[in-house]
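Residues per chain are reported as follows:
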Number of protein chains: 2
Amino acid sequence: MPGTLFGVGLGPGDPELITLKAARLIAATPIIAYPALPGTESIARNIAATHISASAHEIRLDIPMTRDRAPAQAAYDLGAARIAEALDCGQDVAFLCEGDPFFYGSFMYVHARLAPHHTVEVVPGVASVMAAAARAGLPLTARNEVFAVLPAPLDDKTLRGRMESANSFAIVKLGRHMPRVRALLNELGLTGRAHYIERATLPDERAVPLSDAPQSAPYFSMILVTKGADPWL
Amino acid sequence: MPGTLFGVGLGPGDPELITLKAARLIAATPIIAYPALPGTESIARNIAATHISASAHEIRLDIPMTRDRAPAQAAYDLGAARIAEALDCGQDVAFLCEGDPFFYGSFMYVHARLAPHHTVEVVPGVASVMAAAARAGLPLTARNEVFAVLPAPLDDKTLRGRMESANSFAIVKLGRHMPRVRALLNELGLTGRAHYIERATLPDERAVPLSDAPQSAPYFSMILVTKGADPWL
């Protein structure tokens, strides 16, 4: 019998925000796979480390972050082939995913390659957006409000339109787009409703009103904006 | 020293999707509060049941679900006053929340009443949207795609506009709006991209293409639509 691939959400970074199911599966699965930036420790593996059995075999996928997608695609092809080999030998594999596997997660690229011919089970995780709201003490959305997640690399016109039409929203993947996003929020009069959160739930986390945020933002940061009732009663 | 109020996300329903942190806090906190529909078991308490200490004192908030919001507001006023009394006596209180506390959660109404004068810590949970995507085996959103959460009670014009402008979206709070939402999706040519998920991660869960979905939907159901690349490579 071929093995099962588990796509295991690990949550935003605090190892205590792993679910009981994820912890059980990681400890019980003989093969643990995870992505990493070449030359660095795997963030996903670090979150899950205490649960990984000393006897587990590990498959590390080195995924380059380049503008050209071909090198990353080749790395996912290779990683998927290694995982498929283990599954075909009848072994289960747990693929470790920061946050939630199907929410802007790298697991989706593994899933696309393996789901057509293998048994896959996805274990959802705490998404970074919910973690950021919790750490900022910011109720995100209630009742019949529209909530949107907006990647910062989108063009100004698209971002502006979506910012206007949602009651609350998260702007993710800030990085070098931070100054442009701040200018847009300012133009729409939303700066006072905006919070900046960096590395939510990690020891070096920062959660501040956007007006107190740094000029440049790392990859693991986001802005949350709520236009809803404050407070909701 | 006054106590701390913990808003504890429990995830979508499977008790194994509670986080390690939530399980630890529930077991260690002397007072456990939770909402319930009058005359029924509390869904939140049922999810967390195995972690609640036998010696815990429980504060049950009976919250009526009526169109007029005044009775629910009065119930939250009363519940918040009881929780405040415990906090003022120096005891910690864990408030149990299905899903994530700040994502369409009833905890927000408790938070609004208590956060101004008490110490509150929110523990994020697995949101039902991510759980539904996992159970449907449906990669939700990737790269620079816009993801939106749309409550079904919104009017047709608003729903249509938001459905058109997002790359993928979840329609929540379906209930009696199910036929109208189906008609809108059909009109936009999106039925073939839509999945229906009911009671995600619970024993009686159902996850099917929308074309196979029932005519009426319970409260704990949603539709997920993805227009993105299929599969993402």
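Residues numbered from 1 in each chain as written. Chains lettered and ligands numbered in written order. Predicted model: local features only at pLDDT ≥ 70, side-chain atom pairs only at ≥ 80, totals over all residues. Heavy atoms only, no water.

Under the annotation held in an unreviewed UniProt entry, chain A carries the name Precorrin-2 C(20)-methyltransferase and is attributed to Marimonas arenosa. Word for word, the UniProt comment on chain A under Sequence similarities (unreviewed entry) is "Belongs to the precorrin methyltransferase family." Per UniProt, chain A has the following entry under Pathway (unreviewed entry): "Cofactor biosynthesis; adenosylcobalamin biosynthesis." (UniProt positions renumbered as here; feature names shortened; annotations may be inferred.)

How big an interface is tends to be stated in terms of accessible area lost as the parts join. Tallying the contact residues gives 57 residues for chain A and 57 residues for chain B. Between chain A and chain B lies a buried interface of about 4,900 Å² when both sides are counted; carbon and sulfur atoms form 63% of it. Here chain A is connected to chain B by two salt bridges. With a shortest N-O distance of 2.6 Å, Arg24 of chain B and Glu16 of chain A are connected by a salt bridge. Remark: the boundary between chain A and chain B carries 28 residue pairs in polar contact (both at pLDDT 80 or more). Elements supplying a minimum of two residues to the side of chain A that touches chain B: helix H1 (20-28), helix H4 (107-114), strand S5 (119-123), helix H5 (128-136), strand S6 (147-151) and helix H6 (156-165) of chain A. (Contact = heavy atoms within 4.5 Å. Buried area = accessible area lost by both parts, 1.4 Å probe. Salt bridge = Lys/Arg side-chain N within 4 Å of Asp/Glu carboxyl O. Polar contact = N/O pair within 3.5 Å; in protein donor to acceptor, adjacent residues only side chain to side chain. Helix = DSSP H or I, 4+ residues; strand = E, 2+ residues; numbered from the N terminus.)

What follows deals with the sheet that holds strand S7 (residues 168-172) of chain B. Spatial strand order, S9(A)-S8(A)-S10(A)-S7(A)-S6(A)-S6(B)-S7(B)-S10(B)-S8(B)-S9(B): 10 strands in an open sheet with mixed pairing. A single partner strand is all that each edge strand has here, and the edge strands are strand S9 (206-209) of chain A together with strand S9 (206-209) of chain B. Direction aside, the axes of adjacent strands within the sheet are offset by 15° on average. Pairing of strand S6 (residues 147-151) of chain B with S7 of chain B involves five bridges; the strand directions are parallel. Bridge pairing in S7 of chain B links Pro151 of chain B to Val172 of chain B. Packed onto the sheet, H6 of chain A meets S6 and strand S7 (168-172) of chain A and runs at close to 165° relative to S6 of chain A. Most of the contacts of helix H7 (residues 178-187) of chain B go to strand S10 (residues 221-226) of chain B, to which it runs at about 5°, and overall it touches S7, strand S8 (194-198) and S10 of chain B. (Pairing = 2+ DSSP bridges. Axes fitted to C-alpha atoms, helices over the stretch in contact; angles between N-to-C directions.)

Our focus in this paragraph is the domain arrangement of chain A. Residues and elements named next belong to chain A. Domain annotation for chain A reports domain 1 (4-123) and domain 2 (128-226). Between domain 1 and domain 2, the C-alpha centre-to-centre distance is 28 Å. Each partner contributes to the interface: domain 1 provides 10 residues, whereas domain 2 provides 12 residues. Overall, the association of domain 1 and domain 2 removes approximately 790 Å² of surface from exposure, summing both partners, and the carbon and sulfur fraction of that is 69%. Connecting domain 1 to domain 2 are one residue pair in polar contact (both at pLDDT 80 or more). For the side of domain 1 that touches domain 2, the residue count by class is six nonpolar, one polar and three charged. (Domains from an automatic or database assignment. Nonpolar A, V, L, I, M, F, W, Y, C, P; charged D, E, K, R; others polar.)

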